[in-house]
Amino acid sequence: MMNRSEGLVRRVKARDTESNSGGGSASSNYDEENKNEKEDEMDDCDSKETRLTLMEEVLLLGLKDKEGYTSFWNDCISSGLRGCILIELGLRGRVELERAGMRRKGLCTRKIILKSDTPTGDVLLDEALKHIKETDPPETIQNWIEYLSGETWNPLKLRYQLKNVRERLAKNLVEKGVLTTEKQNFLLFDMTTHPLNDNVIKCRLVKKIQDAVLTKWVNDPQRIDKRMLALILLAHASDVLENAFAPLNDDDYELAMRRVRELLDLDFETEAAKANANEVIWAVFAAFTK
């Protein structure tokens, strides 16, 4: 697992809110109606956009647009995608961490336990959920990342490996119209590749990440959207975050990287203990920066 600042590439010269308040019940009713209207507008907007899981977003960042495959030298994305799966299950209320208890166990030593076995509708997520449900005694986040990646010396745990994850995620993106499928010849073998089909969706993803650490940056990690926070730090853990920052000018690039370092340098134990924090997210971060 990588150190907190490891993998942050040093670049050598290359390149909100309105609040209206008032007293009385009339104002409260107006605010509630206004809130509902905004939520409806957001739902309409989301329904028009292609929704991607964390795993799909991280893979999309790592894929070369024209070639349709990830870098052969990237040995981080496999475990990074498994981290995405665990966080997705946490965000969807399917898993949680055991209680810290009187001994105040650390995030990396607490076990992940089943909260709900209701299927998510995503094949990869449901496969991982089934493994977690069937495992007794429970295991830590760190162990589950290794088991799901197949990176374990315990032969009894090899059955938990999720196979062909990148290819399965790429096929999901093909079905969503984001990628297409081609065959490429690499001298000694043929390989199925998935070049970009819809540039708009990837550009929107890249801009969303850039905005989160630039124009929409907030100095409190608890106020950052949980899914966006997970995307930034897991893209870093998967060594694909640089791809989102590459188009930035030098000043914005340095600022974006500095803010990512700030997130990496947080005390994850402290953040996980705060109100409304999702402990699974912080436990996954801790596992990758151990």
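Residues numbered from 1 in each chain as written. Predicted model: local features only at pLDDT ≥ 70, side-chain atom pairs only at ≥ 80, totals over all residues. Heavy atoms only, no water.

### Some thoughts on the side chain of T152
Okay, step 1: Assignment of secondary structure puts T152 in the loop between α5 (141-149) and α6 (165-175).
Okay, step 2: For T152, a relative accessible area of 17% puts it in the buried group.
Okay, step 3: At 3.1 Å, the side chain of T152 and the backbone nitrogen of N154 are in polar contact.
Okay, step 4: Ignoring any residue separated from it by four or fewer positions in sequence, one finds T152 in contact with E146, Y147, K157 and L158. (Helix = DSSP H or I, 4+ residues; strand = E, 2+ residues; numbered from the N terminus. Buried < 20%, exposed > 50% of the residue type's maximum accessible area, 1.4 Å probe, protein only. Polar contact = N/O pair within 3.5 Å; in protein donor to acceptor, adjacent residues only side chain to side chain. Contact = heavy atoms within 4.5 Å.)

### With respect to the sheet that holds strand β1 (residues 95-97)
Sheet strands associate in pairs through backbone hydrogen bonding, adopting either a parallel or an antiparallel arrangement.
Okay, step 1: Pairing within the open sheet is antiparallel, and its three strands lie in the order β1-β2-β3. The sheet terminates laterally at β1 and β3 (139-140), the two strands that pair on one side only.
Okay, step 2: Where strand β2 (residues 111-114) and β3 come together, two bridges link them in antiparallel fashion. Looking at the pairing, K111 lines up with T140 of β3. (Pairing = 2+ DSSP bridges.)

### With respect to the environment of T120
Okay, step 1: Mapped onto the elements of the fold, T120 is located in the loop between β2 and α4 (123-134).
Okay, step 2: For the pair formed by T120 and G93, sequence separation is 27 residues and the distance between their alpha carbons is 9.9 Å.
Okay, step 3: Dropping the residues within four chain positions of it, T120 is found in contact with L89, R92, R94, L125 and D126.
Okay, step 4: At 3.1 Å, the side chain of T120 and the backbone nitrogen of D122 are in polar contact.

### Let's talk about the nonpolar core
Most often, soluble globular proteins keep nonpolar side chains buried together rather than apart.
Okay, step 1: Ranked by internal contacts, the top residues of the largest apolar core, which has 81 residues, are I141, I209, I232 and F245.
Okay, step 2: In this structure, I141 is in contact with L86, L97, R110, I112, V280, A283, V284 and A287, ignoring residues within four places of it in sequence. (Core = buried A, V, L, I, M, F, W, Y, C linked by side-chain atoms within 4.5 Å.)

### As for the packing of helix α2 (residues 54-62) against helix α8 (residues 226-237)
Okay, step 1: Their axes nearest at 10 Å, the elements α2 and α8 cross at an angle of 40°. The angle between the axes of α2 and α8 places the two elements in the oblique class. For the pair α2 and α8, the sense of crossing is right-handed. In this structure, α2 uses L54, E57, V58 and L61 to contact α8, whose residues at the interface are R227, A230, L231 and A235.
Okay, step 2: Class assignment for the residues of the contact of α2 with α8 results in six nonpolar, no polar and two charged. (Axes fitted to C-alpha atoms, helices over the stretch in contact; angles between N-to-C directions. Parallel < 35°, antiparallel > 145°, perpendicular 65-115°, else oblique. Left-handed = near helix turned anticlockwise from the far one by under 90°. Nonpolar A, V, L, I, M, F, W, Y, C, P; charged D, E, K, R; others polar.)

### Section: helix α7 (residues 199-213)
Okay, step 1: With 15 residues, α7 ought to run about 21 Å at 1.5 Å a step, and its terminal C-alpha atoms sit 22 Å apart, in line with that.
Okay, step 2: For α7, the complete set of buried residues consists of I201, K202, L205, V206, I209, Q210, D211, A212 and V213.
Okay, step 3: The opening residue of α7, the one whose side-chain oxygen lies 3.0 Å from the backbone nitrogen of V200, is D198. (Expected span 1.5 Å × (residues − 1).)

### Description of the packing of aromatic side chains
Okay, step 1: Throughout the structure, instances matching the rule amount to six aromatic pairs.
Okay, step 2: Arranged with centres 5.1 Å apart and planes meeting at 50°, the rings of W144 and Y160 form a pair that is tilted. Linking W144 in helix α5 with Y160 in the loop between α5 and α6, this pair joins segments that are 16 residues apart in sequence.
Okay, step 3: Relative accessible area serves as the criterion here: at 0%, W144 is assigned to the buried category.
Okay, step 4: Ring centres 6.0 Å apart and planes at 40° place the aromatic pair Y147 and Y160 in the tilted group. Residue Y147 is located in helix α5, and its partner Y160 is located in the loop between α5 and α6; the two are separated by 13 residues in the primary sequence. (Phe/Tyr/Trp six-rings, centres within 6.5 Å; stacked < 30°, edge-to-face > 60°.)

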